[in-house]
Amino acid sequence: MTTDLGFWTLQALNALQLSMLLFLLSVGLTVIFGLMHFVNLAHGALYALGAYFAASFAAIWGYWAAFLLAPVAVAGVGVLLYSGFIQRMRKSGPMAQVLVTFGLIFVLLDLTRIVWGDLPLAIEVPAMLGGRLAFLGVEYPTYRLFIIVLGLVVLAGLAFVLGRTQIGAMIRAGVDNDEMAACLGINVERLFFCVFCVGCALAGLAGAVAAPLLSVSPDMGLQILIPTLIVIVIGGLGSLKGAVAGSLIYGFVQTFGAVLAPQLSSVLIYALLAAVLVIKPVGLFPAKG
Amino acid sequence: MFHHTPFRYAALVLLASGALFQAFTAQYFGLEILTEILILAMLVLALDMVAGFGGMVSLCHGALMGVGAYGYAVLSTTAGLTPPVAMAAAVGITAGISWVIGAICSRSHGIYFIMATLAFGQMAYSYVFEAPIFGGDDGLGGIERLDLSFIGVDLNDTRTFALFCLVTLAAMYGLAVMILRSGLGRSFSGVMHNEQRMRALGLTVWRIKADVFGLSGMIAGVAGVLAAQHIMYISPGLMAWTVSGEALVVVILGGLGTLVGPLVGAAVFVVLKHELSSLTTYWHLIVGVILIGVVMSRANGIFGFIENSFAARSKTTEINPKAMEVTKDA
């Protein structure tokens, strides 16, 4: 085993980059769950859609336009999903929601195949972020650093909005007790709708930034779904803190597990999830006591 | 509690005669499809037992089936046990693992239970995917079928094997009905309806859940052993979470908590899959639309829908309790 400090810095940066990508995805999912008690398995499919939109837009207007437009387009799809299915499924049990969104995964996956074909697409990393940066004694791809910074910016933004603004206070009140919040004159339904759209946009953003790293293929949504669910269940559903903690735990366990114990790495994260559920059945930082 | 209504008996007779007719008249391809239906039916029977009657919506039943399949494959080839011993051992191992999973997850409810079982299923999947003893992502081949030549039955014949699966499925159905009607099964349903009350009555809730989950895993293990013997080759794809998801879809399409419905669902699903995939490569799209339609219509699956409309017309039989509603407050 290497004792080189640079090696560990590199792994830590890799872990952080994976964590931030998962954070972008899981924060939307977890807040939607916390606020609406809605289990949206199609969140991964929205991420894949974000990557596809980004690939199409980037081919026409370049990367930065794609970076801005893909989340908007995915939020648009979110509006359609919300008015078509989710609004109607709000009052059903978790099982019905899991099944409807499981069906949506099938539908969205095949729709992307029909529109964009089966072959993986690729996006170029924008020229500005193409090189490598010397950082803490290691050379690290600028684009990956950009993902880390982006994740931290989104985290800071969300923490500010949720913790320090009136909208944030309304959202927290809605998570805590939606009936009471409605009694206090908050339009909880409209709040739900806005949060859902922001969650979808974040999933689209995650897809857009992941697209240059991975190839854009129809099943990328299915592949990311399980890690995202693990993150929010370890962290505890509904809380920002939980999404941060869950993403960091997943990113570091996955990355360092692969380095230190390659045979066990894939089992490790599932074992950790099982352990968390046994010890704290509602995750580490659940939104409600 | 599970009841056999005249309508359910009629449906069973219809299903059995349809399967028998198919088994004696169909050619090779038809028999393969029949066997596929029968094995899937066994898996969804096991799943309906826990999901429909105890609210334990498991996303690891596909993996449990895989444990049975891999257990049989490794024990009968690498370990060199004779097929009957390997079968019994594989089913026993699956039941044991399933009991442990049930015991560990018994405290979780709703979405957490789904996630916890998903975690265990994926754990098994990733382990098998990497472990050389299980052939990794290449899978395992050279699996033998059970030798019943001493009573003059040759299971290497496709028709005979289909009939063998049918007989096993009938036995498993009988077993599931017996379990659900026993004291254990009644307590299990009681736990779904009101866990607090069952605890107040002095029952050990986690034991009840673990016991039924173990028995359900045993049936899934039998399905796995038959799946391994059917294809004579297994790959980790058998254990992926989407298999469990599909099994859940079949249970819902058929009718949760009816035991007969999932059998109907299995037949419909496999036939639909083969018919649609020969028409279009986008058959998942159609299955997805059907699934969304069935769940949003709030009918309890195909069978549940027909059963309820019959019951509403005659008013003689009790309307099936809406098991889907019960999981709401879990």
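Predicted, not measured: the structure shown is a model, and the values here were computed from it.

Trainee: Before we go on, may I ask you to explain the overall build of chain B in this structure?
Mentor: Along the backbone of chain B there are 14 helices and zero strands. Helices and strands appear in chain B in the N-to-C order α-α-α-α-α-α-α-α-α-α-α-α-α-α. Over its C-alpha atoms chain B spans a radius of gyration of 19 Å, differing by no more than 12% from the 20 Å that the globule rule assigns to 330 residues. When its C-alpha atoms are laid out on the principal axes, chain B stretches across 50 × 45 × 45 Å. When contacts within chain B are restricted to residue pairs at least 6 apart in sequence, long-range pairs at least 24 apart make up 77% of them.

Trainee: It is not clear to me how the overall build of chain A should be interpreted in this structure. Could you clarify?
Mentor: On a plain count of helices and strands, chain A comes out with 11 helices and two strands. The N-to-C order of helical and strand elements in chain A reads α-α-α-α-β-β-α-α-α-α-α-α-α. Against the compact-globule benchmark of 19 Å for 289 residues, chain A has a radius of gyration of 19 Å, which places it among compact chains. Overall, the C-alpha framework of chain A stretches about 60 × 45 × 35 Å when taken along its three principal axes. Per-residue burial over chain A gives 50% buried out of 289 residues. Taking the contacts inside chain A whose residues are at least 6 apart along the sequence as the reference set, 75% of them involve residues at least 24 apart.

Trainee: Even after reading the chapter, I still don't get the environment of Val 175 of chain A, so can you show me in this structure?
Mentor: All names here are of chain A. Looking at where Val 175 falls in the secondary structure, it is placed in helix α6 (residues 166-176). What makes Val 175 buried here is the crowd of 22 C-beta atoms within 10 Å. As for Val 175 and Leu 35, which are separated by 140 residues in sequence, their C-alpha atoms are 4.5 Å apart. The contacts of Val 175, once residues within four sequence positions are left out, are Gly 34, Leu 35, Gly 238 and Ala 287.

Trainee: Where do I start with helix α3 (residues 61-76) of chain B in this structure?
Mentor: In an α-helix, one full turn covers 3.6 residues, which means residues spaced three or four apart are oriented alike. With 16 residues, α3 of chain B extends 22 Å between its outermost C-alpha atoms, agreeing within 8% with the 22 Å of an ideal straight helix rising 1.5 Å per residue. Along α3 of chain B, 16 of the 16 residues are buried, which leaves the element largely enclosed by surrounding structure.

Trainee: Mind showing me how you'd approach the pairing of strand β1 (residues 132-135) of chain A here?
Mentor: Two faces, one strand: in a regular strand the side chains alternate between the faces of the sheet. Residues and elements named next belong to chain A. The pairing of β1 with strand β2 (residues 138-141) spans four bridges and is classified as antiparallel. Within β2, the residue paired with Arg 132 across the bridge is Pro 141. Between the antiparallel neighbours β1 and β2 lie two residues, among them Leu 136 with a positive phi of about 50°.

Trainee: How do you make sense of the confidence of the model for chain B when you look at a structure like this?
Mentor: Do not read the fine detail of predicted coordinates wherever pLDDT is low. Residue and element names in this part refer to chain B. Per-residue pLDDT for chain B averages 86, and the proportion of residues at 70 or more is 95%. Here helix α14 (residues 323-326) is the element of chain B with the lowest mean pLDDT, 46, and helix α9 (residues 205-231) is the one with the highest, 94. With pLDDT under 50 throughout, residues 316-330 is counted as low confidence; its partners more than four residues away or in other chains account for 31 contacts. For this predicted complex, the interface confidence reaches an ipTM of 0.81, while the overall pTM sits at 0.85.

Trainee: Any chance you could explain the interface of chain B and chain A here in plain terms?
Mentor: A common way to state how big an interface is: give the accessible area lost once the parts meet. Each partner contributes residues to the interface: chain B has 36 residues there, and chain A has 33 residues. Of all the secondary structure elements, the ones that give two or more residues to the side of chain B that touches chain A are α5 (110-130), α10 (241-254), α12 (283-296) and α14 of chain B. Ranked by residue count, the leading element in the side of chain B that touches chain A is α5 of chain B, at 14 residues. Of the residues belonging to the side of chain B that touches chain A, the class tally is 24 nonpolar, eight polar and four charged.

Trainee: Honestly, the packing of helix α1 (residues 5-36) of chain A against helix α9 (residues 220-235) of chain A in this entry has me stumped. Any pointers?
Mentor: For any two helices packed against each other, the geometry comes down to the angle between their axes and how far apart the axes lie. Residues and elements named next belong to chain A. Where α1 meets α9, the closest approach of the two axes is 9 Å, and the angle between their N-to-C directions is 65°. In the packing of α1 onto α9, the handedness of the crossing is right-handed. Contacts from Leu 22, Leu 25, Ser 26, Leu 29 and Thr 30 in α1 reach Ile 224, Pro 227, Thr 228, Val 231, Ile 232 and Gly 235 in α9. A breakdown of the residues in the contact of α1 with α9 according to their chemical character gives seven nonpolar, four polar and no charged.

Trainee: Quick question: what am I supposed to make of unusual backbone geometry here?
Mentor: Residue and element names in this part refer to chain B. Its identity as a non-glycine residue notwithstanding, Met 232 has a phi of 65°, on the positive side. By secondary structure assignment, the location of Met 232 is in the loop between α9 and α10. What makes Met 232 partly exposed here is the crowd of 14 C-beta atoms within 10 Å. The backbone of Leu 259 shows a phi angle near 65°, a positive value even though the residue is not glycine. Relative to the helices and strands, Leu 259 resides in the loop between α10 and α11 (260-279). Note on Leu 259: 25 C-beta atoms within 10 Å, which makes it buried.

Trainee: Can you walk me through the nonpolar core in this structure?
Mentor: A general feature of soluble globular proteins is that nonpolar side chains tend to end up buried together. Formed by 218 residues in total, the largest nonpolar core has its most connected members in Ala 51 and Ala 54 of chain A together with Met 42, Leu 43, Leu 45 and Ala 223 of chain B. The element best represented in this core is helix α2 (residues 28-54) of chain B, accounting for 17 residues. Not counting chain neighbours up to four residues away, the residues in contact with Leu 43 of chain B comprise His 61, Met 65, Ala 220, Ala 223 and Ala 247 of chain B.

Trainee: Help me understand the packing of α11 of chain B against α12 of chain B, please; the structure alone is not making it clear to me.
Mentor: All names here are of chain B. Where α11 contacts α12, the axes come no closer than 9 Å and their chain directions differ by 135°. Classified by the angle their axes make, α11 and α12 are oblique. The segment α11 lies against α12, with Leu 272, Lys 273, Leu 276 and Ser 277 engaging Trp 283, Ile 286 and Val 287. Class assignment of the residues belonging to the contact of α11 with α12 gives a composition of five nonpolar, one polar and one charged.

Trainee: Honestly, the environment of Pro 281 of chain A in this entry has me stumped. Any pointers?
Mentor: Relative to the helices and strands, Pro 281 of chain A resides in the segment after α11 (265-279). The exposure class assigned to Pro 281 of chain A is partly exposed, which follows from the 15 C-beta atoms found within 10 Å. Measuring from C-alpha to C-alpha, the distance between Pro 281 of chain A and Gln 223 of chain A comes to 25 Å, with 58 residues separating the pair along the chain. Discounting chain neighbours no more than four positions away, the residues touching Pro 281 of chain A are Arg 107, Ser 108 and Tyr 112 of chain B.

Trainee: Help me out: how do you make sense of α2 of chain B in this one?
Mentor: Residue and element names in this part refer to chain B. An ideal rise of 1.5 Å per residue puts 39 Å on 27 residues; α2 measures up with 39 Å between its terminal C-alpha atoms. At Asp 48, α2 shows its strongest bend, of approximately 30°. Of the residues one or two after α2, Gly 55 is the one with positive phi, at around 65°.

The rules behind these values
Residues numbered from 1 in each chain as written. Chains lettered and ligands numbered in written order. Predicted model: local features only at pLDDT ≥ 70, side-chain atom pairs only at ≥ 80, totals over all residues. Helix = DSSP H or I, 4+ residues; strand = E, 2+ residues; numbered from the N terminus. Rg over C-alpha atoms; globule rule 2.2 N^0.38 Å. Contact = placed C-beta atoms within 7 Å. Buried ≥ 20, exposed ≤ 12 C-beta atoms within 10 Å, placed from the backbone. Expected span 1.5 Å × (residues − 1). Pairing = 2+ DSSP bridges. pLDDT = per-residue confidence, 0-100. Nonpolar A, V, L, I, M, F, W, Y, C, P; charged D, E, K, R; others polar. Axes fitted to C-alpha atoms, helices over the stretch in contact; angles between N-to-C directions. Left-handed = near helix turned anticlockwise from the far one by under 90°. Core = buried A, V, L, I, M, F, W, Y, C linked by C-beta atoms within 7 Å. Parallel < 35°, antiparallel > 145°, perpendicular 65-115°, else oblique. Bend = angle between axes of the 7 residues up to and from the residue.

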